[in-house]
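These are the residues of each chain, in order.
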Amino acid sequence: MSGNHRAADDAPGVVGIIANPAAGKDVRRLVALASTFDNQEKVRIARRALAGLAATGVRRVYYLPDSFGIVTRAAESNRFNLDLEPIPVPCTFTASDSEQAARWLAEHGAACILTLGGDGTNRVVARGCREVPLVPIATGTNNVFPYLVDGTIAGLAAGLLATGQLDDTCLEQRPRLEVWIDGTLVDIALIDVAVSRERFLGTRAIWDPNTIDQIIVSRVIPGVIGLAAVAAALSPNPAPTGAFVELGQGSICVTVPLAPGLVTRVPIRAWSPLELGAEIILGQRPCTLALDGERELRIEHSHHVVVRLSGSGPLVLDPRLALREAARRGCFLSPFTSAV
Amino acid sequence: MVVATRVLSYRQAINEALRLEMRRDPTVILMGEDVAGGATVQHIEQEGAWGGPLGVTKSLVSEFGRQRVLDTPISEAAFIGAAVGAAVTGLRPVAELMFVDFFGVCMDQIFNQGAKLRYMFGGKAKVPMVIRTMIGAGFGAAGQHSGCHYSVFAHMPGLKAVAPATPYDAKGLLIAAIRDDDPVMFFEHKMLYDMTGEVPEGDYVIPIGKADIKRQGNDVTIVAISRMVHIALEAAKRLSADGIEAEVVDLRSLSPLDEDAVLSSLAKTRRLVVVDEDNPRCSVAADIAALAVDKGFDYLDAPVKLVTAPHTPVPFSPSLEQYYIPTPERVIAAVREIV
Amino acid sequence: MEIPRERLRWIYERMALIRAFEDRVAQEFAAGKLPGFVHLYAGEEAIAVGVCAHLTDRDYITSTHRGHGHCIAKGVDVKAMMAELFGKATGVCKGKGGSMHIADVDKGMLGANGIVGGGPPIACGAGLMAKTLGTDQVAVCFFGDGAAEQGTTHEAMNLAAIWKLPVVFVCENNLYAESTPWTYHCAAPDIASRAAAYDMPGILVDGTDVFAVYEAAGEAIARARRGEGPTLLECRAFRYYGHFQGDAVSYRTPEEEAAYRQRDPIQRFRQTVLSQGLLSEDELDAIDTTVQHEINEAVRFAESSPLPPPEDCLTDVYVSYPVEQLAFRH
């Protein structure tokens, strides 16, 4: 097993884990039929991810010390003989902790970051992670970005990458949507940006199509839940990279799952495909912007807002593809010994 | 007016009181473990299964439905507390605490919430609830299903407490308790459920706080509670054969207490024996004795005698349990000491 | 989520009134003018107000030992509240309850509660009343992270769920049960998820953002009114004062407390409505002035009110009871 060039730390193959204790608990349990993702289950997922990491030879793991202690609990009794260290960022127990943790990991040579969360969590991590690849495990409400995969598999994949058994060729760079206000890049989305007539961020989630004017989608992929499903339902074959959809009275509606268990008819006024580099200039009026399904930005009258579809989103490792590639390379093979 | 009476058991009398009050007042609801029984079991959804562990509330569900006869989970704190909340917001719940011994798991809701709300709220709240609960030894039910413990509740300001000894009193007192605007503890002695007696049809009220002279006599006053009334009557019968005429005062209400009834009987007989199945320390019996010395001292020609259970939990074995429960012989012995 | 202008004003006025009330109570307590002890709600205003904005006087709430905020959000008269804290005859409970039992049944406020976990079963009872009589009333049960560990809370959530009662359980998680961190006292410090055990939606809400609380509570209360059963909202917020006045708060660091203030619910409200042009600065400042006046009046009223006559100790125990049995024997 060789060290990875990303790991500037003393140990080879440093991996970060950012688990969001708040993921999977928003109002969509109430307004839709989402499950509450309990943190004990995240602990079990993290524990299996640690098992996967340890099996590949990873020794050092940095983790975000979240309010629940997901990784700390996962590592209790430290049966994996891993060197686990909390990421030394001040904890505010807000979403910005994940961003700060990702930034710290990027600055300290982490080979990759395992995330436990949904689209919202990964968006925040992506704001800070720069070129460090993500291995995202879905524990959120809408999970278009992360993979619904067992922690063991994600841990193995992350470990194979961190220890250099897999290389950058296994990574995929995802697109991102950049929100520019008055010429400044203020935030990003990984999946979709929605222009909502809601005046308040409120519980952040969006679920009522009647409050939405426009949707900008980074990737048109079928089988997803959330606003991106609108673009997927409209998509011709072959799918374009992204799409810009205007909601409202027109000639058609699409029936889509806007949240788990919430299948709604969404009226479409117009839509168009978007290619990388495309920019959408939003009308100047007070509104809120929902990023990856959560109201995040309040837009004021004077703001000049541009949303740009960019190819420079986070690098992602697909755990299943990674394991297939690792098998092709013989990573799991070893000489027969009777003392297994 | 002639009121028809029939012979009913104590159990039937309680059942009838509940039925009449539920018919009369749609805000009266019944709740407790197995008060109907078999909730959601399709073939008995309409008629219920147990009607309480000893069948006291049997068949009420078929008349009033599951909306008003509520089987609860075994969560005394939750449903006794819910009875408090329902009472303070406009219902008249009758909650069943299956055995009084279970008060430990819900006492906060009874005495810190139900009993004190009105006072703490400056009189703005009413808590018209009844907690029916089974008391008493004699069933071989041992330490956690046989106590009386009513003294604990009589001690608490904000609660009323009644303990009927006969079917007639059970019906009239339960109707009074349901109509009362204060929280009332209603103690049913499990050894009395099969006792029968004349009970009028229709509704009638026995005022809370009124004792009843169950037997007239001039030589000694025997104050007794619940099943002990019958022990006292048996003792009085035997004493009568020896020329001692005891007056038996059935307290019926433990809080408030009919002090006048006790004192006026004492003024007549000048001797007092109290018979109480509860443990003696800080008991209702001790309270009656205190009343006698405080307000009836000049009447007393002899010390007050208390015939109570010992200061032990209720034992299991029949020989032990029989030793525990006051007997006519012990009452007679106490009377003979002072007459 | 539309919030009419008048309601926005109400939300701000109530939050400002709670803050001003609590700050003033802290002063009066420090000056030795209040008997007993008090638990102050400052910092958690967004929860009480965001929830109670959806309730009428006919709806019920149960509260906690930290109940002044719930009272004010539910519309209890502030003068009568202040007088109660001063132990005066004009108090909302005639001086018989004090801070820890402050209540006004006419306003649907079923009492602050000196017993942690005392309220949840009572809230079920209020919900049971509404369900039995077929009204559209709801009951909201406020409880703290400390009460989340009481059996009564679990029993009540179970009861509300099996009976589909119109009850909304609002856990005000202020991170400390007295001085004990919730990360210590909760085996799994994730109160919202406990809802799953009782087959009800459980959601996590930023309890320092009144708009988040307002929106989530609106959905939960509407669900309860529709007869769809209970919901658990875990609202995270911070209490600015100690557990009780006099608590040296040695378990929190100054940095931690400073971080709380960064997310002050009242300041956050101001920023939002001002940036959106929904209310003006002048308007908000005028509300502040009115609120200060109201608190000054309340203190003046409380101070000038008489103490209850001592023998009032004997009244209000029962609706009916022989008076001579309530009094001393001698």
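Since this is a predicted model, take the numbers as computed values, not measurements. (Residues numbered from 1 in each chain as written. Chains lettered and ligands numbered in written order. Predicted model: local features only at pLDDT ≥ 70, side-chain atom pairs only at ≥ 80, totals over all residues.)

### Focus on the overall build of chain C
Within chain C, the regular secondary structure consists of 12 helices and seven strands. Taken against the 2.2 N^0.38 rule, which gives 20 Å for 330 residues, the C-alpha radius of gyration of chain C at 20 Å falls within 12% of a compact globule. If one aligns the C-alpha atoms of chain C with their principal axes, the spans along those axes are about 60 × 50 × 40 Å. Pairs at least 24 residues apart make up 75% of the contacts formed inside chain C by residues separated by at least 6 positions. (Helix = DSSP H or I, 4+ residues; strand = E, 2+ residues; numbered from the N terminus. Rg over C-alpha atoms; globule rule 2.2 N^0.38 Å. Contact = placed C-beta atoms within 7 Å.)

### Some remarks on the overall build of chain B
When helices and strands are counted, chain B shows 12 helices and 14 strands. Its C-alpha atoms put chain B at 60 × 50 × 45 Å along the principal axes. Burial status across chain B gives 57% buried among its 339 residues. Considering only contacts within chain B whose residues lie at least 6 apart along the sequence, 77% involve residues at least 24 apart. (Buried ≥ 20, exposed ≤ 12 C-beta atoms within 10 Å, placed from the backbone.)

### Remarks on the sheet that holds strand β7 (residues 231-236) of chain C
Residue and element names in this part refer to chain C. Reading across the sheet, the five strands line up as β1-β2-β3-β7-β6 and stay open at both edges, with parallel pairing between neighbours. Each edge of the open sheet carries a strand with a single partner, namely β1 (60-62) and β6 (202-206). Taken pair by pair, the neighbouring strands of this sheet meet at an average axis angle of 20°, ignoring direction. The pairing of strand β3 (residues 167-173) with β7 spans six bridges and is parallel. By the bridge assignment for β7, Val168 is matched with Thr231. Contacts from helix α5 (residues 119-133) reach β1, β2 (139-144) and β3, with the element oriented near 175° to β2. (Pairing = 2+ DSSP bridges. Axes fitted to C-alpha atoms, helices over the stretch in contact; angles between N-to-C directions.)

### Remarks on helix α1 (residues 10-24) of chain B
Residues and elements named next belong to chain B. With 15 residues, α1 extends 21 Å between its outermost C-alpha atoms, agreeing within 8% with the 21 Å of an ideal straight helix rising 1.5 Å per residue. Taken across its 15 residues, α1 has 11 buried, putting it largely inside the fold. Those residues of α1 that sit buried are Tyr10, Arg11, Gln12, Ala13, Ile14, Asn15, Glu16, Ala17, Leu18, Glu21 and Met22. (Expected span 1.5 Å × (residues − 1).)

### Remarks on helix α6 (residues 151-162) of chain C
Along its 12 residues, α6(C) runs 17 Å from first to last C-alpha, staying within 8% of the 16 Å computed at 1.5 Å per residue. Inspection of α6(C) places C:Thr152, C:Thr153, C:Glu155, C:Ala156, C:Met157, C:Leu159 and C:Ala160 among the buried residues, and these make up the whole buried set. At its buried positions, α6(C) is contacted by α3 (76-88) of chain B together with α5, β2, β3 and β7 of chain C. C:Lys164, located one to two residues past α6(C), shows a positive phi value of around 50°.

### Things to note about the arrangement of the chains
The chain pair with the greatest number of contacts, out of two pairs of chains in contact, is formed by chains B and C. The two units chain A and chain B remain apart, with a minimum C-alpha distance of 25 Å.

### A word on the pairing of strand β14 (residues 305-308) of chain B
Residue and element names in this part refer to chain B. Here four bridges tie strand β13 (residues 272-276) to β14, and the two strands are oriented parallel to one another. Looking at the pairing, Asp276 lines up with Thr308 of β14. Each parallel crossover has a hand, and for β13 linked through helix α10 (residues 284-295) to β14 it is right-handed. (Right-handed = clockwise from strand over helix to strand, strands pointing away.)

### Focus: the interface of chain C and chain A
Listed per partner, the contact involves 27 residues of chain C and 24 residues of chain A. When residues of the side of chain C that touches chain A are traced back to their parent elements, those giving at least two are β6, α8 (210-225) and α10 (265-275) of chain C. At seven residues, the largest contribution of residues to the side of chain C that touches chain A is made by α8(C). Considered class by class, the residues forming the side of chain C that touches chain A number 16 nonpolar, seven polar and four charged. (Nonpolar A, V, L, I, M, F, W, Y, C, P; charged D, E, K, R; others polar.)

### Re the nonpolar core
Within the largest apolar cluster, 329 residues are counted, with the highest numbers of intra-cluster contacts made by A:Val15, A:Ile113, B:Ile222 and B:Ala232. Not counting the four nearest positions on each side in its chain, B:Ile222 is found in contact with B:Ala232, B:Ala235, B:Ala236, B:Ala246, B:Glu247, B:Val248, B:Val273, B:Val275 and B:Val331. (Core = buried A, V, L, I, M, F, W, Y, C linked by C-beta atoms within 7 Å.)

### Focus on the environment of A:Asp208
Residue and element names in this part refer to chain A. Tracing the sequence through the fold places Asp208 in the loop between β9 (192-196) and β10 (212-217). Asp208 sits in the partly exposed class, given 16 other C-beta atoms within 10 Å. For the pair Asp208 and Gly159, spaced 49 residues apart in the sequence, the C-alpha separation amounts to 41 Å.

### Overview of unusual backbone geometry
In this chain, B:Ser255 is followed by B:Pro256 through a cis amide linkage whose omega measures -5°. Position of B:Pro256 among the secondary structure elements: in the loop between β12 (253-255) and α9 (259-269). At A:Arg130, a residue that is not glycine, the phi angle is positive and equals roughly 55°. A:Arg130 gets classed as partly exposed once you count the C-beta atoms within 10 Å, which come to 13.

### Some points on the sheet that holds strand β7 (residues 176-181) of chain A
Residues and elements named next belong to chain A. Across the sheet, four strands lie side by side as β8-β7-β16-β13; this open sheet has antiparallel pairing. Two strands close off the open sheet at either side, each with one partner strand: β8 (184-189) and β13 (279-281). Strand-to-strand twist across the sheet, computed as the mean angle between neighbouring axes with direction ignored, equals 25°. Sheet topology places β7 next to β8; five bridges connect them, and they run antiparallel.

### Some points on the interface of chain B and chain C
Counting residues at the interface gives 39 residues for chain B, matched by 41 residues for chain C. Listing elements by their share of the side of chain B that touches chain C, those giving two or more residues are α3, α4 (107-114) and α5 (117-120) of chain B. Counting residues per element, the side of chain B that touches chain C draws most heavily on α3(B), which supplies 10 residues. Across the side of chain B that touches chain C, the residue classes break down as 19 nonpolar, 13 polar and seven charged.

### Overview of the packing of helix α1 (residues 5-30) of chain C against helix α11 (residues 281-304) of chain C
Residue and element names in this part refer to chain C. Two elements in contact, α1 and α11, have axes whose closest approach is 9 Å; the angle formed by their N-to-C orientations is 40°. Taken as axis vectors, α1 and α11 run oblique relative to one another. Along this stretch, α1 crosses α11, giving a crossing that reads as right-handed. Side by side, α1 and α11 meet where Arg9, Tyr12, Glu13, Ala16, Leu17, Ala20, Phe21, Arg24 and Glu28 of the first sit next to Leu284, Ile287, Asp288, Val291, Gln292, Glu294, Ile295 and Val299 of the second. Split by residue class, the contact of α1 with α11 holds 10 nonpolar, one polar and six charged. (Parallel < 35°, antiparallel > 145°, perpendicular 65-115°, else oblique. Left-handed = near helix turned anticlockwise from the far one by under 90°.)

### Some remarks on the pairing of β7(C)
Residues and elements named next belong to chain C. Counting buried positions over the six residues of β7 gives six, a clear majority of the element. Judged by which residues are buried, β7 turns out to be covered on both faces: Thr231, Leu233 and Cys235 on one side and Leu232, Glu234 and Arg236 on the other are all buried. Pairing geometry for β6 and β7, over five bridges, is parallel. Residue Leu204 lies in a different strand from β7, and its bridge partner there is Glu234.

### A few points about the domain arrangement of chain B
All names here are of chain B. In terms of domains, chain B is made up of domain 1 (8-200) and domain 2 (212-338). Relative placement of domain 1 and domain 2: their C-alpha centres are 27 Å apart. Counting from both sides, the interface comprises 27 residues of domain 1 and, opposite them, 25 residues of domain 2. When contributions to the side of domain 1 that touches domain 2 are tallied by element, the ones reaching two or more residues are α6 (150-154), β6 (160-162), α7 (167-179) and β7 (184-189). In terms of residue class, the side of domain 1 that touches domain 2 is made up of 16 nonpolar, nine polar and two charged. (Domains from an automatic or database assignment.)

### Digging into the packing of helix α4 (residues 96-107) of chain A against helix α5 (residues 119-128) of chain A
Residue and element names in this part refer to chain A. Two elements in contact, α4 and α5, have axes separated by 7 Å at closest approach and are oriented at 40°. Relative to α5, the element α4 is oriented oblique. When the axes of α4 and α5 are compared, the crossing they make is right-handed. Facing Ser98, Glu99, Gln100, Ala102, Arg103 and Ala106 of α4, the residues of α5 in contact are Thr121, Val124, Val125, Arg127 and Gly128. Classifying every residue of the contact of α4 with α5 by side-chain character gives four nonpolar, four polar and three charged.

### A few points about the environment of C:Ala147
Residue and element names in this part refer to chain C. Looking at the element boundaries, Ala147 is found in the loop between β2 and α6. Sequence-wise, Ala147 and Gly117 are 30 residues apart; in three dimensions their C-alpha atoms are separated by 4.7 Å. The contacts of Ala147, once residues within four sequence positions are left out, are Thr64, Val116, Gly117 and Thr153.

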